[in-house]
Amino acid sequence: MYRKHTSDNLYPHPFSKAYWRDAAGEMKDVRILVIAALLTALRIALKPATIYLAPQLGISAAMLANALGAMIFGPVVAIPTAIISDTVGFMLFPTGDYFLPFMLTEIASSVIYALLLYRTKLSAWRVVVARFCICFLVNVVLQTLLFSWQYMYLGNPEAAKKQITGIFTVARIFKNLAFFPIESVVVTLFLKVLLPVVRRARLIYDTEATLKFTARQVAALVCLFVLGSGSAVAYLNYRYGSQGTSRSADYTKEERVEMNKSMKDLVLGKTDEWDDQKVFCVVDSAYRGLFEKETDYTVAVYVLDEKAFAAGQAVDAEYTEDTLWGYSKSGPKKDKYHSLVKVASATFTKNEKSGEVTDFKVSPVKDK
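Note that the structure is predicted; figures quoted are calculated from it, not measured.

1. With respect to unusual backbone geometry
Its identity as a non-glycine residue notwithstanding, Arg202 has a phi of 55°, on the positive side. One can find Arg202 in the loop between α7 (167–200) and α8 (215–240). For Arg202, a relative accessible area of 39% corresponds to the partly exposed category.

2. Regarding the pattern of salt bridges
Overall, the coordinates contain 5 salt bridges when judged by the stated rule. The salt bridge partner of Arg119 is Asp22, with a shortest N-O separation of 3.6 Å. With Arg119 in the loop between α4 (103–117) and α5 (124–153) and Asp22 in helix α1 (residues 17–25), the pair connects residues that are 97 residues apart, well separated along the chain. Exposure class is identical for Arg119 and Asp22. Each is buried. Salt-bridge contacts for Lys278 lead to Glu321; the nearest nitrogen and oxygen are separated by 2.4 Å. Of this pair, Lys278 sits in the loop between α9 (253–270) and β3 (279–287) while Glu321 is found in helix α11 (residues 321–325), placing the two residues 43 residues apart along the sequence. Here Lys278 falls in the partly exposed class, since its relative accessible area comes to 35%. Residue class for Glu321 comes out partly exposed when judged on its relative accessible area of 26%. A single salt-bridge network, built from bridges that share partners, covers Arg43, Lys47 and Glu106.

3. Some words on a negative patch on the surface
On the surface, Glu292, Glu294, Asp296, Glu356 and Asp359 cluster together into a negatively charged patch. Turning to its location among the elements, Asp359 is positioned in strand β6 (residues 357–364).

4. Examining the side chain of Asp206
With respect to the helices and strands, Asp206 occurs in the loop between α7 and α8. No salt bridge is formed by the buried Asp206, whose closest oppositely charged neighbour, Lys121, lies at an N-O distance of 4.8 Å. Engagement of the side chain of Asp206 in a polar contact is seen with the backbone nitrogen of Ala209, the distance being 3.3 Å.

5. What about α9?
With 18 residues, α9 ought to run about 26 Å at 1.5 Å a step, and its terminal C-alpha atoms sit 26 Å apart, in line with that. Here α9 has its buried residues at Arg256, Met259, Asn260, Met263, Leu266 and Val267. In a view along the axis of α9, the buried residues occupy a sector of 125°, so they form one face of it. Opposite the buried face of α9, at more than 90 degrees from it, the exposed residues are Glu254, Glu258, Asp265 and Gly269.

6. Let's talk about a nonpolar patch on the surface
A surface patch of nonpolar side chains, amounting to about 590 Å² of accessible area, comprises Phe132, Phe136, Leu137, Val141, Leu145, Ile173 and Leu177. Where the nonpolar patch is concerned, the elements lending two or more residues are α5 and α7. If one sorts the elements of the nonpolar patch by residue count, α5 sits on top with 5 residues. Looking at the secondary structure, you find Leu177 in helix α7.

7. Examining the packing of aromatic side chains
Considering all chains together, one arrives at 15 aromatic pairs under this definition. On the numbers, 5.6 Å between centres and 85° between planes, the contact of Tyr11 with Tyr19 is edge-to-face. A centroid spacing of 4.9 Å and a plane angle of 50° characterise the contact between Phe90 and Tyr98, whose relative ring orientation is tilted. On the accessibility criterion, Tyr98 (37% relative accessible area) is partly exposed. Three or more aromatic residues joined by ring pairs make a cluster, and in this case those are Tyr11, Tyr19, Trp20, Tyr118 and Tyr205. Positioned over the ring face of Phe360 is Lys270, at 6.0 Å from the centre of the ring.

Analysis parameters
- Residues numbered from 1 in each chain as written.
- Predicted model: local features only at pLDDT ≥ 70, side-chain atom pairs only at ≥ 80, totals over all residues.
- Heavy atoms only, no water.
- Helix = DSSP H or I, 4+ residues; strand = E, 2+ residues; numbered from the N terminus.
- Buried < 20%, exposed > 50% of the residue type's maximum accessible area, 1.4 Å probe, protein only.
- Salt bridge = Lys/Arg side-chain N within 4 Å of Asp/Glu carboxyl O.
- Patch = residues over 30% accessible without salt bridge, like charges linked within 9 Å, V, L, I, M, F, W, Y side chains within 5 Å.
- Areas by Shrake-Rupley, 256 points an atom, 1.4 Å probe, with all protein chains shown as cover.
- Lys, Arg positive; Asp, Glu negative; His and termini not counted.
- Charge placed at Lys NZ, Arg CZ, Asp CG, Glu CD.
- Polar contact = N/O pair within 3.5 Å; in protein donor to acceptor, adjacent residues only side chain to side chain.
- Expected span 1.5 Å × (residues − 1).
- Arc of directions from axis to C-beta.
- Phe/Tyr/Trp six-rings, centres within 6.5 Å; stacked < 30°, edge-to-face > 60°.
- Lys NZ or Arg CZ within 6 Å of the ring centre and 35° of its normal.

Structure follows, in structure tokens:
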């Protein structure tokens, strides 16, 4: 018997009481709980580790530990391990603001792996189906809904709407569809390498599993890899081609503040036109090709309306200069206090390695 508190049964699908009874029985096996703890610790440690195939296109190493653990201990144990992984992982490696419902993405990914890989006859296609479900249902559908929920919670319904209908959702769909074949191959090969080890340790139930590819499967996986690679190239061209997406769209809040302030220093270093006024700059766009060193910037130049700003501060204690520095392209237009008055647009090219600025031009805003 493989487990002290469960049977050795294999199930063609998870839709049976016996399957869930055996999955729940893993919670009583001390050996399995120890292994789950070790794999959860490994999963947390690997959270910041990413295998980059191209800028902003990488494979998470934690994904591999997640798939292995779910295959061994099933969906019931997978849920608490996902909760621990998400909570402790954020505490050790924080990224952005913590929003509790995002834990659902970790839980869903772990459960999907478990439902398709635990107590069943393992095959490469089960791994492929698992990755497709995670990429589409979790990374696209669930994450989009959770981002929208977060913005609604923060009182920003307009941002919530953009999460569902905007360009970021389109980019997320494209990126996940591009990467799912590649990730499927990587996870399959990873599990195939470790299969003899977990079998000798009597940690899986399918004693005949090899994840050995047939000629047809190899051909299909090669096609998937080519499709994924082609899609990734198309995605990179979409993001960084001549008509690509502005790099400023990827700025974090902290990066946006830093970039806007640095642009003020650069603009005022080129002209003395607004020396007697308080100037704010906002990066409207920043275009740079995939392998290029130069970025073409368009920067909006604003002067502060002191009276409007004071009126805003009088009714909103959190309305500060930091608020203004954190604006993106549309921020000043949406400022209900109208504290920033646009006076010009600056365009220039900057070499990101040397810092050299060329083709600098300031275009004043024409009076209406």
